[in-house]
Structures are given as C-alpha cells and as structure tokens.
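Here are the chains, one letter per residue:
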Amino acid sequence: MSESAENDIMTTIRGLMDEEHALRSAGGLEPEERGRMKEVEEALDQCWDLLRQRRARSEFGQDPDDARVRPAAEVENYRQ
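So, here's what we can say about the structure. These numbers were taken from a predicted model, which means no experiment stands behind them.

1. What about the pattern of salt bridges?
Enumeration over the complete set of coordinates arrives at nine salt bridges. A salt bridge links R36 to E19, with the nearest nitrogen and oxygen atoms 2.6 Å apart. One end of the pair, R36, is in helix α2 (residues 31–59); the other, E19, is in helix α1 (residues 3–25), and 17 residues separate them in sequence. Among the ionic pairs, E41 bridges to R24, the shortest N-O distance being 2.8 Å. With E41 in helix α2 and R24 in helix α1, this residue pair connects regions lying 17 residues apart in the sequence.

Definitions and limits used
Residues numbered from 1 in each chain as written. Predicted model: local features only at pLDDT ≥ 70, side-chain atom pairs only at ≥ 80, totals over all residues. Heavy atoms only, no water. Salt bridge = Lys/Arg side-chain N within 4 Å of Asp/Glu carboxyl O. Helix = DSSP H or I, 4+ residues; strand = E, 2+ residues; numbered from the N terminus.

The values reported here are purely geometric and, on their own, carry no functional implication.
Put into structure tokens, the structure is as follows:
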C-alpha cells in the first residue's frame, strides 16, 4: 500500500475530526453550521471507507490505487 496515499487520507480524516469536534463543542449550531456538520460527517464516512477499501485491496494482493471514493449515500454512517 502506498504509505503516502494512506498518510494523506489519515491527514484528511484528522482535519475533519478536528473540525467536527470544534463544531460539536460550539453548542447550539446555526443552520449554516448544521449544514457544515453534515458535510463533514459525510466526508469522514467517505474517507474511512476509502481507507478501508485500500487496506482490503492491499491485503488481497490488489492495487490499492484502484480504490475509489464512493457516494456519501453508499457509505453513510460507516464507523471505524
């Protein structure tokens, strides 16, 4: 597995998690902030799914670079 690609995905996940925590700690969210929270949650689901796909492909001798970001509706509520 390409360490660089995995590191990039993990960096994105950490940034999104930081943003999610900041939004949650702000308390009562305005409509714009609620919209952003939904976007962040969807992006996190997609990132975790992509990372999982890459690791599975690598484990089974396939090219992890063939993994693709799937639509948010397909990976919704994925948890590590």
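After that view, the rundown keeps rolling.
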